[in-house]
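Listed below are the residues making up each chain.
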There are 2 protein chains.
Amino acid sequence: MDSDGVLAANAAFYRAFAEADLSAMDKLVARDHAVAVIHPGWPVVSGRADVMKTWRTIFAEGPQNVCPVDPEIFAYGDIALVIVYEKTAGIFLAATNVFVREAGDWRLVHHQAGPIPAPAPDAPLM
Amino acid sequence: MDSDGVLAANAAFYRAFAEADLSAMDKLVARDHAVAVIHPGWPVVSGRADVMKTWRTIFAEGPQNVCPVDPEIFAYGDIALVIVYEKTAGIFLAATNVFVREAGDWRLVHHQAGPIPAPAPDAPLM
């Protein structure tokens, strides 16, 4: 399993997110596989064009202060899940990012994030 | 792609959920692949034993009124995502269920559910 490649793709995802970099996100989102996204509080969005539209909408608000914490890889051949906490402005979320190997790169096919309670100060999360 | 098999596994998941049937859930959760779960408002739980413990905790409260709506399959070979709305006691959630083919069956490796706003009355969701 190419754990480094998957973690690099996950890091690229959060970098694009933090920098509101639509072009970087466009490079990361898969082109040859079905894609979807579930942003917190949004309905399900599927199809590449509509998924990219959600990022355009979110990025129009400017850079996003989303910090990934404790990514964990769940590997299944050419598909990998990265399950990760997201810390943003005192709010905590948990996210599932699904990557697929496409043209030698790990590309994002799905992202779901949802709120979780803030962890206790001594919790392993932080 | 074995869409019928994936949808049947997804339906079995919600049946086990609705009936608080721990034995049915135990049959459905993968044994040979890494598993995790993100219940709404819970931290990430990974590892089969701990994942099953979450279901035991939830099912201890009795049958769960969770109704799946509009499941959509995203297929990647022997891995399939089912993205689906969940309706429960007037609350709406969106969920990602990840299935892997294991010993000829589709088994659950990951489930994340998070709240979404109630859809408008004419929305396709309902």
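See the structure above.
The residue count restarts for each chain, going from 1 along the sequence in the order it is written. Throughout, the order in which chains and ligands are written sets their labels, letters from A for the former and numbers from 1 for the latter. For this predicted model, a pLDDT threshold of at least 70 governs which residues receive local features, and a threshold of 80 or more governs which side-chain atom pairs are given and counted, while totals over whole chains, interfaces and linings are taken from all residues. Water and hydrogen atoms play no part in the side-chain values, which are based on all heavy atoms of the structure.

Re the overall build of chain A
Move 1: Put simply, DSSP marks the helices as runs of H or I at least four residues long and the strands as runs of E at least two long, and each gets a number from the N terminus on. Assigned secondary structure in chain A consists of 3 helices and 6 strands.
Move 2: The linear arrangement of helices and strands in chain A, starting from the amino end, is α-α-β-β-α-β-β-β-β.
Move 3: At 14 Å, chain A has a C-alpha radius of gyration in line with the 14 Å of a compact globule built from 126 residues.
Move 4: Partly exposed residues are those whose accessible area sits between 20% and 50% of the maximum for their type, while under 20% is buried and over 50% is exposed, using a 1.4 Å probe and protein chains only. With 126 residues in all, chain A has 49% of them scored as buried.
Move 5: Between two residues, a contact is recorded if the distance between any of their heavy atoms is within 4.5 Å. Taking all contacts inside chain A whose residues are at least 6 apart in sequence as the whole, residues at least 24 apart take part in 47%.
Move 6: Only carbon and sulfur atoms are counted for the fraction: they give 54% of the accessible area of chain A, which is about 5,500 Å².
Move 7: Think of it this way: Lys and Arg go in the positive column, Asp and Glu in the negative one, and His and the chain ends go nowhere. One atom stands in for each charge, and that atom is NZ of Lys, CZ of Arg, CG of Asp or CD of Glu. Looking at chain A, you have 9 positive and 15 negative side-chain charges, and the mean spots of the two groups are 8 Å apart. Both definitions apply: the radius of gyration is a C-alpha atom measure, and the globule rule equals 2.2 Å times residues to the power 0.38. Note on areas: Shrake-Rupley with a 1.4 Å probe; residue coverage comes only from the protein chains shown.

Notes on the interface of chain A and chain B
Move 1: Each partner contributes to the interface: chain A provides 29 residues, whereas chain B provides 29 residues.
Move 2: Summed over both partners, the accessible area lost on bringing two parts together, with a 1.4 Å probe, is the buried area. Across the chain A/chain B interface, buried area totals approximately 2,300 Å², and carbon plus sulfur atoms make up 69% of it.
Move 3: Its largest share of buried area at the contact with chain B, chain A owes to Val44(A), Tyr76(A) and Gln112(A), together 24% of the area lost on that side.
Move 4: Here, a salt bridge means any Lys or Arg side-chain nitrogen found within 4 Å of an Asp or Glu carboxyl oxygen. The interface formed by chain A and chain B includes 0 salt bridges.
Move 5: Of all elements in the fold, only strand S1 (36–38), strand S3 (67–76), strand S4 (79–88), strand S5 (91–102) and strand S6 (105–116) of chain A reach the threshold of two or more residues within the side of chain A that touches chain B.
Move 6: Here the side of chain A that touches chain B gets 7 residues from one element, more than from any other, and that element is S6(A).

Concerning the packing of aromatic side chains
Move 1: Two aromatic rings from Phe, Tyr or Trp, using only the six-membered ring of Trp, form a pair when their centres are within 6.5 Å; if the ring planes differ by under 30 degrees the pair is stacked, by over 60 it is edge-to-face, and anything between is tilted. Summed over all chains, the structure comprises 14 aromatic pairs over all chains.
Move 2: Both rings, one in Tyr14(A) and one in Phe17(A), keep their centres 6.3 Å apart while their planes meet at 15 degrees; by these two values the pair is stacked. Taken together, the residues Tyr14(A) and Phe17(A), both in helix H1 (residues 3–18) and 3 residues apart, mark about one turn of the helix.
Move 3: Centre to centre, the rings of Phe13(B) and Trp55(B) are 5.6 Å apart; their planes meet at 80 degrees, and the pair counts as edge-to-face.

Some points on the sheet that holds strand S1 (residues 36–38) of chain B
Residue and element names in this part refer to chain B.
Move 1: Strand order in this open sheet of 6 strands is S2-S1-S6-S5-S4-S3, and the pairing throughout is mixed. Edge positions in the sheet fall to strand S2 (45–46) and strand S3 (67–76), since each of these pairs with one other strand and no more.
Move 2: Pairs of strands are assigned from DSSP output, requiring at least two bridges between the strands. Pairing between S3 and strand S4 (residues 79–88): 8 bridges, direction antiparallel. From the neighbouring strand, Tyr76 faces S4, where its bridge partner is Ile79.

Examining the packing of helix H1 (residues 3–18) of chain B against helix H3 (residues 48–59) of chain B
Residue and element names in this part refer to chain B.
Move 1: It is at 10 Å that the axes of H1 and H3 come closest, and there the two elements cross at 45 degrees. Between H1 and H3, the interaxial angle falls into the category oblique. Here Phe13, Ala16 and Phe17 of H1 come into contact with H3, specifically with Trp55, Ile58 and Phe59.
Move 2: Under this grouping Gly is polar, as are all residues other than the nonpolar Ala, Val, Leu, Ile, Met, Phe, Trp, Tyr, Cys and Pro and the charged Asp, Glu, Lys and Arg. Looking at the contact of H1 with H3 residue by residue, the class counts come to 6 nonpolar, no polar and no charged. With axes taken as lines fitted to C-alpha atoms, and helix axes fitted only over the stretch in contact, angles between N-to-C directions fall between 0 and 180 degrees. Working rule for angles: under 35 degrees goes down as roughly parallel, over 145 as roughly antiparallel, 65 to 115 as roughly perpendicular, anything else as oblique.

A word on the pairing of strand S6 (residues 105–116) of chain B
All names here are of chain B.
Move 1: The element S6 is extensively covered by neighbouring structure, given that 10 of its 12 residues are classed as buried.
Move 2: Across 3 bridges, S1 lies against S6 in parallel orientation. The residue bridging Ile38 from the neighbouring strand is Gln112, located in S6.
Move 3: As judged from the 11 bridges shared by strand S5 (residues 91–102) and S6, these two strands associate in the antiparallel manner. Looking at S6, one finds that Arg101 is bridged to Trp106.
Move 4: From the end of S5 to the start of S6, which pair antiparallel, there are 2 residues, and Ala103 there has a positive phi angle of about 55 degrees.

Description of the relation of the copies chain A and chain B
Move 1: When the copies are overlaid, the least-squares fit takes in C-alpha atoms only where the residue has pLDDT of at least 70 in both copies. Each copy superposes on the other: chain A lies on chain B with an RMSD of 0.0 Å after a rotation of 180 degrees and an axial shift of 0.0 Å. Here the copies are linked by what is in effect a two-fold axis. When each C-alpha of chain A is compared by its distance to the rotation axis, Gly114(A) comes out closest, at 2.6 Å.
Move 2: Taken as a fraction of all interface residues of chain A, those also at the interface in chain B reach 100%, which identifies the copy contact as same-surface.

Quick look at the sheet that holds S5(A)
Residues and elements named next belong to chain A.
Move 1: The mixed open sheet is built from 6 strands, whose spatial order is S2-S1-S6-S5-S4-S3. Looking at the sheet topology across the chains shown, the edges are occupied by strand S2 (45–46) and S3.
Move 2: Bridge count for S1 against S2 is 2 bridges, and the pairing is antiparallel. The partner of Ala36 across the bridge, within S2, is Ser46.

The values are spatial; any link to function lies outside them.
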